[in-house]
Amino acid sequence: MAVEVLSTADGRAKAALSRANAAAWFAARRGEAPEIPVGTASPPDFPARPERPDLLNPRDVPRRRPGSPAGRIALLHAVAHIELNAVDLHWDIVARFGHVPMPMGFYDDWVKAADEESKHFGLVSDCLEAMGSHYGALPAHAGMWRAAADTADDLPGRLAVVPMVLEARGLDVTPGMIAIFEKAGAEQAVAALKVIYAEEVAHVAYGSKWFNFLCGRTDTDPKDAFHSLVRRYFHGVLKPPFNEEKRADAGLPPDFYWPLT
Ligand SMILES: [Fe+2]
Ligand SMILES: [Fe+2]
């Protein structure tokens, strides 16, 4: 089911399949359908993506002021791109690490996260379309898959960099984005971003939960392991200001991230 999503190129089709597969997984987990065994799979090195948007080096993506309608469309376009990438990231962790024995709750968490990212992609795509644009109308950042490629053989590394660094960063920046769209009276975008903001806390929490679980399995100090894995796999430093309250809700204490600034 994960490889099926990863192999689907069109954004709306990928999101719809992701939601359908998540619903099938949870129906089976509730006992309403035959059990779905966790097997091993060969996910693609890079997930299928639509022909548009063009993927550019981050420094070549034009910057626009959020004070203009075009700027707000560009901002939402960047969010849609992040959400679609997140759909693939969560299914990839399910498919990529099937050989690592994990409790069923691990799969439940990432399937739920993937389902929510699919909903987020749909909400933001709806906003873009209501504003006369669409996902694919603007160029987007290339290289978002780098964190996944770099950690393809390292489950603790994947958890450290993807949910605990990249998704935690979303908690830091989303309140500022909500303020931009509130100021513009863009109610649909405000509503979409509020759903995203509320649901992303759990994705970071799944990351720290399973990271701590794996550290416990090898009797490793989670804070030290987190520092060394982020230094190995994350290119750059962490940037304050941090949303300390939401990070705490997600089980991410300050002594994990402050030493990496
Ligand atoms: Fe999301
Ligand atoms: Fe997320």
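Here the structure is shown first, and the text comes after it.
Participant: Could you give an account of the packing of helix α3 (residues 69-96) against helix α7 (residues 187-217), naming the residues involved and the relevant values?
Facilitator: Where α3 meets α7, the closest approach of the two axes is 13 Å, and the angle between their N-to-C directions is 30°. For α3 against α7, the interelement crossing comes out left-handed. Residues L76, V79, E83 and H90 of α3 lie in contact with α7, whose contacting residues are A189, I196, E200 and H203.

Participant: So, empty space enclosed by the protein: which residues are in play, and what are the values?
Facilitator: Applying the stated criterion across every chain, the model contains 1 cavity of 30 Å³ or more. Roughly 30 Å³ of internal volume is contained in the largest cavity. Looking at the largest cavity, the residues that line it are L89, H90, I93, W110, R158, V162 and P163. Elements represented by at least two residues in the lining of the largest cavity include exactly α3 and α6 (155-183). Here the lining of the largest cavity is built from residues that sort into 5 nonpolar, 1 polar and 1 charged.

Participant: Which residues make up the layout of surface pockets, and what are the values?
Facilitator: Considered as a void within the structure, the second largest pocket measures approximately 250 Å³ in volume. Around the second largest pocket, the lining comprises 15 residues; the ones closest to its centre are M1, A2, P37, G39 and V94. Going through the elements one at a time, α1 (2-6), α3 and α4 (104-130) are the ones with two or more residues in the lining of the second largest pocket. Broken down by element, the residue count for the lining of the second largest pocket peaks at 3 residues, all from α3. Its residues placed into classes, the lining of the second largest pocket shows 13 nonpolar, 2 polar and no charged.

Reading guide: rules and limits
Residues numbered from 1 in each chain as written. Chains lettered and ligands numbered in written order. Predicted model: local features only at pLDDT ≥ 70, side-chain atom pairs only at ≥ 80, totals over all residues. Heavy atoms only, no water. Axes fitted to C-alpha atoms, helices over the stretch in contact; angles between N-to-C directions. Helix = DSSP H or I, 4+ residues; strand = E, 2+ residues; numbered from the N terminus. Left-handed = near helix turned anticlockwise from the far one by under 90°. Contact = heavy atoms within 4.5 Å. 1 Å grid on protein atoms, 1.4 Å probe; cavity = no way out; pocket = protein on both sides within 12 Å on 5 of 7 lines; lining within 4 Å. Points joined across faces, edges and corners; volume = space filled by probe spheres on them. Nonpolar A, V, L, I, M, F, W, Y, C, P; charged D, E, K, R; others polar.

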